[in-house]
Amino acid sequence: MKSELTNKSATVRTRRAILKLLKLEGSMDALALASRLNVTAMAVRQHLYALQEEQLVTYHEESRSMGRPAKLWQLTPAADSLFPERYAELTLSLLNSVKEAFGEEGLDRLLEIRTRQQILEYREKIPSAGSVEQRLEALAAKRTEEGYMAEIQCDADGSFLLIENHCPICAAAVTCTGLCRQELEVFQSVLGSNAVIERTEHIVTGERRCVYRVRGSEEMI
């Protein structure tokens, strides 16, 4: 019995790890997943087919120069429910109620208040001095705490990418686009006026993740 429980626990951990990798990295084939998880490709395929039966993953084929096309696995929309959601139904209900009671102006006012509060909260966690990279690392840590699975990458041109692999308020953001607009205002405020921020990928428009390119002047760097 103990052995069965141990095996079941290991299976659950491996499948969670596969789902997390696909969330963070996007489409991957079984060999790449096996290499990252230090297990055999055959074992990974077994897990993938089991996850496919649960409708959590799917695949598309990609032609390769040699051999058969590779299966590139990716998450289905149903898999989003496995990652943090910030009370989506309650948020949607509250936003709709505010809009019904106070109109668009009332909703805009609510978002302004939320933005001010968020900026104050972020400034407690993010240093007012230091390099762009240091501020971004602190911002990414804060966003990860909130469920955004954020990370920082340095691009070849010297700019930085703030990558958010998950949106825990996606359902609300689709209904209320002001939430996304206010996020850019928050980022600009906490990173400083010398930082130039541009959103290059957006989950709400169908992308796998949200990505913000951040450039800083030589003075900040």
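Note: the structure precedes this text.
This structure is a prediction, so every number in the text was calculated from the model and none was measured.

Within the fold, H202 resides in the loop between β5 (195-201) and β6 (210-216). Sequence-distant contacts of H202, defined by excluding residues within four places in its chain, comprise C180, E207, R209 and C210.

Any space left empty among the atoms is revealed by the rolling of a water-sized probe across them. Roughly 430 Å³ of volume is contained in the second largest pocket. Along the wall of the second largest pocket there are 18 residues; nearest its centre are K23, L75, D80, E207 and R208. Looking at the lining of the second largest pocket, the elements that each hand over two or more residues are α1 (2-25) and β2 (70-75).

As a further point, take the environment of L136. You can see L136 is positioned in helix α5 (residues 132-145). Here L136 falls in the buried class, since its relative accessible area comes to 0%. Considering only alpha carbons, one finds L136 and D108, 28 residues apart in sequence, at a separation of 27 Å. Those residues within four positions of L136 in sequence are excluded, and the remaining contacts are I152, F160, L162, L191 and V214.

So, on to the environment of R114. Turning to its location among the elements, R114 is positioned in helix α4 (residues 88-125). With 65 residues separating them along the chain, R114 and L179 place their C-alpha atoms 9.4 Å apart.

Reading the values: the criteria
- Residues numbered from 1 in each chain as written.
- Predicted model: local features only at pLDDT ≥ 70, side-chain atom pairs only at ≥ 80, totals over all residues.
- Heavy atoms only, no water.
- Helix = DSSP H or I, 4+ residues; strand = E, 2+ residues; numbered from the N terminus.
- Contact = heavy atoms within 4.5 Å.
- 1 Å grid on protein atoms, 1.4 Å probe; cavity = no way out; pocket = protein on both sides within 12 Å on 5 of 7 lines; lining within 4 Å.
- Points joined across faces, edges and corners; volume = space filled by probe spheres on them.
- Buried < 20%, exposed > 50% of the residue type's maximum accessible area, 1.4 Å probe, protein only.

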